[in-house]
Amino acid sequence: MSDSAARDRDAVETESAFSHPAVAPDATAAYGDHPDQVIDFYAPRDGRAGAPVVVLLHGGAWRAPYDRQHVSPFADFLARRGFAVANVEYRRGSEIPQQRGSGPVAGRWPETFDDVAAAMDALPALLARQLPEADARRIVVTGHSAGGHLALWAAARHVLPEGSPWRLPAAPPLRGVVALAPIADFTTAVELDVCSGAVGQLLGTEEDFAVRSPYADPAALLPTGIATALVQGRTDLTVPQAVAEAFVDAAAKAGETVGLTLLEDVGHFPLIDPVADACAVVAEEIAQLAW
């Protein structure tokens, strides 16, 4: 496929994914005092009891213009597949131009990570209150793009360096992780300038990057011992296939097998687009870990 054809396809896929109206949750609960520290809950649409829980972390390069609303149709899609869904919001980069760039800065350090850790820690109690019919013993974390990075990171907190405020004493009680086109290997993402320098903006200056990367890069937090699968479109122009492959290779070198499902003629956004065949593949990958 020519570059122009690939860009045309990407534009069509992006338009489709963002064409769906936001779907209101069944309940919303706060896990902190900041307005972005909230989780939207979607009950399984078939009313089943004992449904497994999907924790959903949205993408958008950790930047403020992209919030959880754009994945609410995907959350509803999963709820229609019989899952209970927790759609997590978290603090992202400011919309005010900063000295590190002319546009929105990617992420906040340490607030973005503070929020994901706090949301995961608060989830059992919030589920008991908001979706008591869900089975909190069967949790799968998923996320798209930058949210895929956060999903992998959330499952790796027990292998964070000693002294990290986010470190857990033992592995989190998860059935697994399904990361969708994740920014999973920071070295490769920086080399490819994924999302216009987003990784560098997330971690800060070059000096900060060296210090913070061991606490934030999923490829540096291996092995986790938690079942992990990646789903990646081969024609993804936003987070190229090479990023996922670098993470899988890093896992193998650490003695861990990570599943990688590569989808032909699929770009970045069909993975969260309810009308795309790729979205059904994602739901199946989640189901294989959840049930």
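In this text, all values refer to a predicted model and were calculated from it rather than measured experimentally.

### Topic: empty space enclosed by the protein
Line of reasoning, step 1. Enumeration according to the criterion identifies one cavity of 30 Å³ or more in this entry.
Line of reasoning, step 2. Taken as a whole, the largest cavity encloses approximately 80 Å³ of empty space.
Line of reasoning, step 3. When grouped by side-chain class, the residues that make up the lining of the largest cavity number eight nonpolar, two polar and one charged.

### Here's the deal with the pairing of strand S7 (residues 228-233)
Line of reasoning, step 1. With six of its six residues buried, S7 lies for the most part within the structure.
Line of reasoning, step 2. What you see with S7 is no split at all: Thr 228, Leu 230 and Gln 232 on one side and Ala 229, Val 231 and Gly 233 on the other are buried throughout.
Line of reasoning, step 3. The pairing of S7 with strand S8 (residues 259-263) spans five bridges and is classified as parallel. Bridged to Gly 233 within S8 is Leu 263.
Line of reasoning, step 4. Handedness of the S7-helix H8 (residues 241-253)-S8 crossover: right-handed.

### Focus: the layout of surface pockets
Line of reasoning, step 1. Within this model, the largest pocket holds a volume of roughly 310 Å³.
Line of reasoning, step 2. Lining the largest pocket are 20 residues, and of these Ala 61, Tyr 66, Cys 195, Thr 238 and Phe 269 lie nearest its centre.
Line of reasoning, step 3. When grouped by side-chain class, the residues that make up the lining of the largest pocket number nine nonpolar, nine polar and two charged.
Line of reasoning, step 4. Looking at the second largest pocket, its volume works out to about 160 Å³.

### Structural notes on the packing of aromatic side chains
Each aromatic ring pair is specified by the distance between its two centres and by the angle formed by the two planes.
Line of reasoning, step 1. Counted according to the given criterion, the structure contains eight aromatic pairs.
Line of reasoning, step 2. Each ring, one from Trp 62 and one from Phe 186, has its centre 6.4 Å from the other, and the planes form 80°; the classification is edge-to-face. Note that Trp 62 is positioned in the loop between strand S3 (51-57) and helix H2 (72-80) and Phe 186 in helix H5 (residues 186-191), a separation of 124 residues in sequence. Exposure class is identical for Trp 62 and Phe 186. Each is buried.
Line of reasoning, step 3. Seen in terms of ring centroids, Trp 153 and Trp 166 are 5.5 Å apart; in terms of plane orientation they differ by 75°. Their pairing is edge-to-face. Residue Trp 153 is located in helix H4 (residues 146-154), and its partner Trp 166 is located in the loop between H4 and strand S6 (176-180); the two are separated by 13 residues in the primary sequence.
Line of reasoning, step 4. When its relative accessible area of 0% is taken as the criterion, Trp 153 is described as buried.
Line of reasoning, step 5. One aromatic cluster is present, built from ring pairs that chain together Trp 109, Phe 113, Trp 153 and Trp 166.

### Things to note about the sheet that holds strand S5 (residues 134-144)
Line of reasoning, step 1. Pairing is mixed in the open sheet, where eight strands are placed in the order S1-S2-S4-S3-S5-S6-S7-S8. Because the sheet does not close on itself, it has two edges, and the strands there are strand S1 (27-30) and S8. Strand after strand, the sheet turns through a mean of 20° between neighbouring axes, direction not considered.
Line of reasoning, step 2. Both S1 and strand S2 (residues 38-42) contribute to a ladder of four bridges, which runs antiparallel. Paired with Ala 27 across the bridge in S2 is Phe 41.
Line of reasoning, step 3. Along the sheet face, helix H9 (residues 277-290) touches S3, S5, S6, S7 and S8 and points at about 165° away from the line of S6.

### Concerning H2
Line of reasoning, step 1. Counting buried residues along H2, eight of its nine residues qualify, which places the element largely inside the surrounding structure.
Line of reasoning, step 2. Within H2, the full set of buried residues consists of Ser 72, Pro 73, Phe 74, Ala 75, Asp 76, Phe 77, Leu 78 and Ala 79.
Line of reasoning, step 3. Buried residues along H2 sit in contact with S2, S3, strand S4 (84-88), S6 and H9.
Line of reasoning, step 4. Once H2 ends, the next one or two residues include Gly 82, with phi positive near 95°.

What counts and what doesn't
Residues numbered from 1 in each chain as written. Predicted model: local features only at pLDDT ≥ 70, side-chain atom pairs only at ≥ 80, totals over all residues. Heavy atoms only, no water. 1 Å grid on protein atoms, 1.4 Å probe; cavity = no way out; pocket = protein on both sides within 12 Å on 5 of 7 lines; lining within 4 Å. Points joined across faces, edges and corners; volume = space filled by probe spheres on them. Nonpolar A, V, L, I, M, F, W, Y, C, P; charged D, E, K, R; others polar. Buried < 20%, exposed > 50% of the residue type's maximum accessible area, 1.4 Å probe, protein only. Helix = DSSP H or I, 4+ residues; strand = E, 2+ residues; numbered from the N terminus. Pairing = 2+ DSSP bridges. Right-handed = clockwise from strand over helix to strand, strands pointing away. Phe/Tyr/Trp six-rings, centres within 6.5 Å; stacked < 30°, edge-to-face > 60°. Axes fitted to C-alpha atoms, helices over the stretch in contact; angles between N-to-C directions. Contact = heavy atoms within 4.5 Å.

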